[in-house]
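# Observations on the three-dimensional arrangement
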Amino acid sequence: MPLFRRTKRWLLLVPVMLLSSILLVACGEGSPSIINPAGPVANSENGVFVAILIIATIVFVAVEGILIFSMIRFRERPGSPTPKQLHGNTKVEVAWTVIPALILFIVLGYTIRGLFEVATPPAGEKTLEVTAFAHQWWWEFYYPEYNITTADSLVVPANTVVNVSLYSNNVIHSFWVPELTGKTDVVPGHNNQRWFKADTPNKTYLGICAEYCGTQHANMRFNVVVDESNDFLAWTHTQQQAAVAPAAGSMAAKGAQVFKDAGCQACHGIVGVDITSTKATNPNPACDAPNAGPAQGCFTGPNLTHFGSRNFIAGGVLENNSAQCQDPNNLKDCNLAKWLHDPQGIKPGNDMAIGPLTDEQIQQLVAYLESLK
Ligand code: HEC
Ligand SMILES: [Cu+2]
C-alpha cells in the first residue's frame, strides 16, 4: 500500500503554498523589518529570533510530520482488525517531557545571552547622548552635549553608540527602530535608557511609537538619519546656529511676521526669534507643572529653528517635500502648505489648534519655514 494514493493533489498543494508565501513576502517591501538588522543591537535580537525560529521549525516539521504520516499510514481501512489497546508507557512519557524541557533550556540560553548583549553598550566606546521626549504625538530629540533640540529626525553618526534617555510626561509610549533596536517603553516618571549603534552611514531608518498612546499613535513616527561622523559634526554645527534672519522685504520676512502675528510663537520656539537657546525646550521638570508654557521655556509644539532641514512634518504624517514648496504661486503639492492649511484635517486631534490662515499667509509662512535650514 503506497503512503499517498493520490499523489497529484499533493503536487498541486505544495506549489500553491510556496507561491502564496512569496506574495506575502512582497507585502513587506519598503517597511522596516527586524529581519534586516543594521546594527549590533538589532543583530543580536534578530539572532535570538532566528535561533528560536529554527528550533521551532524543526519541532514543527518533526511533530506534524509524524502526525500526518501516522494519520495516513495507520488509518482505518475496510476490514482492518481492532488495534492493540494500550494504556501508559513510561519510556514515552519520560521522553516527551525531557526532550521539550531540554529544547526550552536551549531557547532560554539564547534569550539570556541576547538580553545581556543588548542591556548595556560595550564599555569604552565613544557615545552620543540623546534625550528622546515622547509627546502626543511626535518625538522631540535633545542633544545635551551640543544643546540642540530637534523633532521628527534623530540624526546620529555611524559606528557610534547612541544612548537614548527616554522621557515622557504624558502617557506611555514606546521607542522602536526595527532595523536598529527593539522596543523600549517610555514611561512617565520612570526614565528608561535604550542604546543602539548603526553600522552604515548615509542611511535612514524609520522609527515608530510601539505603544498605543492615543488616536494619532500611528502617526508618531520619526526617522533615524545615519551620517558619517564628519557630516554629523557639520550638522550639529548648523543646528547650533540661531535661525537665519530672512532678507528684509522678502517673502520669508513677511512669513516671519505672520509667525509672530498669527500666534505661532505660543507653541513653537525658534532660536533667535522667540527663544535665545534651545536648552529651554529640553525635557525639564518645570515643563511637568500643569501651567507650564513658553514663559517657563516649555512649548507645546516642535522647535522650528531648523525646520527646513528635517524630512518629516508632524510625526511623519507628511513628508517635508521642500522641492515642491519653492514656488509660492504653486504650492498644491507642498506638504507644509497642506499642513498649515488644515492641521486638524490632516492629523485629527493633534495639539496644533490654529485659526484658518489665508493663502497669502500660507505662502509667506512656507517661504519662511522652508528657509530655516
Ligand atoms: C496651540 C499650539 C500651536 C500653535 C498655536 C501652533 N502650532 Fe504648530 N504645532 C503644534 C504641535 C503640537 C505640533 C506637532 C503636532 C503633532 O505632530 O502631533 C505642531 C507642528 C507644527 C509644524 C511641523 C513641525 C515638525 O517638526 O513636525 C509646523 C511647521 C508648525 N507646527 C507650524 C506652525 C505655524 C506656522 C503656526 C502659526 C500659524 C503654528 N504652528 C501654530 C502646536 C501649535
Ligand atoms: Cu506614542
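Here the structure is a predicted model, which is why all the values come from computation and not from measurement.

As a further point, take the coordination of the copper ion (ligand 2). Looking at the copper ion (ligand 2), one finds its protein donor set to be H173 (ND1), C209 (SG), C213 (SG) and M220 (SD), positioned 2.1 to 2.5 Å from the metal centre. If you look at the copper ion (ligand 2), its 4 donor atoms make angles of 91 to 124° with each other, and the shape they trace is tetrahedral. Ordering the donors of the copper ion (ligand 2) by residue number gives the pattern H-x35-C-x3-C-x6-M. Of this pair, C209 sits in strand β9 (residues 203–209) while M220 sits in the loop between β9 and β10 (221–227); the two residues are 11 residues apart in sequence, bridging distant segments of the chain.

Turning our attention to the site of ligand 1. In the vicinity of ligand 1 lie 29 residues, with D152, C264, C267, H268 and M352 positioned nearest. Between ligand 1 and the protein, one listed contact pairs a nitrogen atom with a side-chain N or O atom of H268 at 2.8 Å. In this structure the site holding ligand 1 corresponds to the largest pocket. For the shell around ligand 1, the secondary-structure elements that each account for two or more residues are β11 (312–313), α6 (335–341) and α8 (359–371). Its residues assigned to classes, the shell around ligand 1 shows 19 nonpolar, 6 polar and 4 charged. Domain assignment of the residues forming the shell around ligand 1 places at least three in each of domain 2 (127–228) and domain 3 (251–371).

Once that is clear, we can look at the layout of surface pockets. Of the voids in this model, the largest pocket is the one considered here, and its volume is about 500 Å³. Surrounding the largest pocket, 32 residues form its lining, H268, G301, P302, W339 and M352 being those nearest its centre. No other element matches α6, which puts 3 residues into the lining of the largest pocket. When grouped by side-chain class, the residues that make up the lining of the largest pocket number 21 nonpolar, 7 polar and 4 charged. Composition of the lining of the largest pocket by domain shows at least three residues from each of domain 2 (127–228) and domain 3 (251–371).

The strand order β3-β2-β1-β5-β8 describes an open sheet built from 5 strands, whose pairing is mixed. Looking at the sheet topology across the chains shown, the edges are occupied by β3 (148–151) and β8 (192–196). Adjacent strand axes in the sheet meet at a mean angle of 25°, parallel and antiparallel pairs treated alike. Note: strand β1 (residues 127–135) against strand β2 (residues 138–143), 5 bridges, orientation antiparallel. The partner of F133 across the bridge, within β2, is E140.

Each value, and the rule that gives it
- Residues numbered from 1 in each chain as written.
- Chains lettered and ligands numbered in written order.
- Predicted model: local features only at pLDDT ≥ 70, side-chain atom pairs only at ≥ 80, totals over all residues.
- Heavy atoms only, no water.
- Donors = N, O, S within 2.8 Å, 3.2 Å for Na, K, Ca; no water.
- Tetrahedral: all angles 85-135°; square planar, octahedral: opposite > 155°, others 65-115°.
- Helix = DSSP H or I, 4+ residues; strand = E, 2+ residues; numbered from the N terminus.
- Near = heavy atom within 4 Å.
- Polar contact = N/O pair within 3.5 Å; in protein donor to acceptor, adjacent residues only side chain to side chain.
- 1 Å grid on protein atoms, 1.4 Å probe; cavity = no way out; pocket = protein on both sides within 12 Å on 5 of 7 lines; lining within 4 Å.
- Sits in = over half its atoms within 2 Å of the grid points.
- Nonpolar A, V, L, I, M, F, W, Y, C, P; charged D, E, K, R; others polar.
- Domains from an automatic or database assignment.
- Points joined across faces, edges and corners; volume = space filled by probe spheres on them.
- Pairing = 2+ DSSP bridges.
- Axes fitted to C-alpha atoms, helices over the stretch in contact; angles between N-to-C directions.

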